[in-house]
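Survey of secondary and tertiary structure
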Amino acid sequence: MVTAEVGPPKGTDIKEMLHHIEVLKGKIDAANVTDNQSAVMRISSLAVCQIVKENGLEPILQMTCRDRNRIGLQADLLGASVLGIESVLCMTGDHVSAGDHKAAKPVYDIESVQLLQVVDGMNNGKDMSGNDLQGSTNFFQGAVVTPEANPLQPQLIKFGKKVEAGARFFQTQAIYDIDKFKTFMEHARQYSTKVLAGIVVLKSAGMAKFLNNFVPGITVPDELIEELKAAGKEKALETGLNIAARHVKQLHDEKICDGVHIMAIGMEDKVPTIMERAGLL
Amino acid sequence: MIISKKIDRKKLLETIKDYNSFFLVGCSECASLCGTGGEPELEELKKELEAAGKKVTGTFRAKTGCQVLGTKVELKPFKDELADTQVVIVMSCGAGTQAMVEAFPDKPVYPSNDSLFLGNMTRFQMFDERCSLCGECILEQTGGICPVTNCPKGLLNGPCGGTSNGNCEVSPDIRCAWVRIYDRLEKINRLDDMKKVIKAKDWSKSQSPQVLSARPKKEGKKTK
Ligand code: SF4
Ligand code: SF4
């Protein structure tokens, strides 16, 4: 199983986004539609999910708890359901201080684990207050996990709670050390939930160092940084794509997890390249 | 205690610029400990007002400024000073200021402080927020550390993915609340507490404005 991302733009010009959808169509199983990613205001995830669907690609609705209270979240879940959106990814969401509306009031009426409970309830015909729904939802609901969180134990406890709350699949934060990831998967395999490993393409040695220094929960091993350096500036991106493809191939061939989630961050064009090089297309 | 901070003095002087005579009210409780409404601060503001050409008719430090009836009684000896006063400036929290609004129905009452949070003094005049008064305490489930207050996202079921070496992604100079909770539960041998899903909070329990009567109910008097 391969998923990727479609990032809604800030503004009404969706030409580039439509192009990304076109490139991904027929190649991947589904595309996450991000929800005001990094707390930066953009087109709503729900609206873009509908566009993704109309254009022949399966959407996964990302839902964060930052911008809506429980009434808003449930209303949008019902809306997504009648639009035929089948998968939802439940997250708490980055804090408003990370985004471009820092003076906004963050909502966090509920959080990721509780949102999973809400989806489970709605799949069983009940809203959060226990009222009967006139027609229940039928979502395939998932969540996120950071396999290299530091410290790891509290994150693993939360992973277990998310499964208990109804998460049927997980997409992970970017991973670069397959052996470490195998250890995480040994833990994850005690639950019957699907895990898609997060893949983020390294564009340069500089980007790898930036991830190590500034993005919590991501560690790029030194060997990979060396490999990117050795490739030189011009071939760095090619090398990054090869590394991603190599990881995807190993995860697939050794059946380490159930699939991959490729976060191309503006390079959606390259997702099919990675899949081809991994032998998946 | 209620943590307060002095309002920018320029702003205060601008607010009161049309008046000439002032009575200053401090508070012996939180505001004294915060250095915003004790004797030294009353004296300091008095001097600043006088330097600005204003008259200060008197200063007074309430025992507990949010205790409305008691403070009104304490104010009785200041009858003459108050007769000469146009404006009362209150140097405590917002509750103390509003107590004085009740005591002086016919005078403008202005605050000299911003009220910030409910917290603890960790060192001399260093304060940490500890409780957001959510109305339904869950400390028994979280090792006695409040995630509603200490986690910027108010997460109730464990850390987000942004914990960085045990610190918070939103405020990197503080420890992640959930790492603290995990460490403490481990120490007191209650890690299983963290494995139970904490349900969504009932925010109606903290809906403002709240009232409470803690008086024992009088026998024979039934409320309908
Ligand atoms: S759980 Fe609620 S009442 Fe208890 S410390 Fe936290 S905010 Fe205060
Ligand atoms: S790092 Fe910890 S304290 Fe900070 S937002 Fe995440 S869970 Fe909350």
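Quick caveat: nothing in here was measured; it's all calculated off a predicted structure.

1. Comments concerning the domain arrangement of chain B
Each domain of chain B was delimited in the assignment, giving domain 1 (2–116) and domain 2 (132–196). When each unit is reduced to the centre of its C-alpha atoms, the spacing between domain 1 of chain B and domain 2 of chain B is 38 Å.

2. Focus on the pairing of strand 7 (residues 126–131) of chain B
Residue and element names in this part refer to chain B. In this structure, strand 6 (residues 113–123) lies alongside strand 7, joined through five bridges in antiparallel fashion. Bridge pairing in strand 7 places M121 opposite F127. Adjacent in sequence and paired antiparallel, strand 6 and strand 7 are bridged by two residues, among which Q125 carries a positive phi angle near 50°.

3. Details of empty space enclosed by the protein
Think of a ball as big as a water molecule: rolled over the atoms, this probe shows where empty space is left. Residues and elements named next belong to chain A. If you walk through the whole model with that rule in mind, you get three cavities of 30 Å³ or more. Its boundaries defined by the atoms lining it, the largest cavity holds a volume of some 120 Å³. Residue classes in the lining of the largest cavity are distributed as 11 nonpolar, four polar and three charged. Around the second largest cavity, the lining residues are I175, Y176, I199, V200, V201, L202, G240, I243, A244 and H247. When residues of the lining of the second largest cavity are traced back to their parent elements, those giving at least two are strand 7 (194–200) and helix 8 (222–253). Sorting elements by how many residues they give to the lining of the second largest cavity places helix 8 first, with four residues. Among the residues forming the lining of the second largest cavity, the class breakdown is eight nonpolar, two polar and no charged.

4. What about the nonpolar core?
Residue and element names in this part refer to chain A. The biggest cluster of nonpolar side chains holds 66 residues, and the ones touching the most others in it are I28, L77, L115, F181, F184 and L251. Here this core takes six residues from helix 4 (residues 112–123), the largest share from any one element. Discounting residues that sit within four places of it in the chain, F181 has contacts with P147, T172, I175, V195, A197, L251, I256 and C257. The next biggest cluster of nonpolar side chains, apart from the first, holds 15 residues, and it includes V200, A205, A208 and M263.

Conventions and cut-offs
- Residues numbered from 1 in each chain as written.
- Chains lettered and ligands numbered in written order.
- Predicted model: local features only at pLDDT ≥ 70, side-chain atom pairs only at ≥ 80, totals over all residues.
- Heavy atoms only, no water.
- Domains from an automatic or database assignment.
- Pairing = 2+ DSSP bridges.
- Helix = DSSP H or I, 4+ residues; strand = E, 2+ residues; numbered from the N terminus.
- 1 Å grid on protein atoms, 1.4 Å probe; cavity = no way out; pocket = protein on both sides within 12 Å on 5 of 7 lines; lining within 4 Å.
- Points joined across faces, edges and corners; volume = space filled by probe spheres on them.
- Nonpolar A, V, L, I, M, F, W, Y, C, P; charged D, E, K, R; others polar.
- Core = buried A, V, L, I, M, F, W, Y, C linked by side-chain atoms within 4.5 Å.
- Buried < 20%, exposed > 50% of the residue type's maximum accessible area, 1.4 Å probe, protein only.
- Contact = heavy atoms within 4.5 Å.

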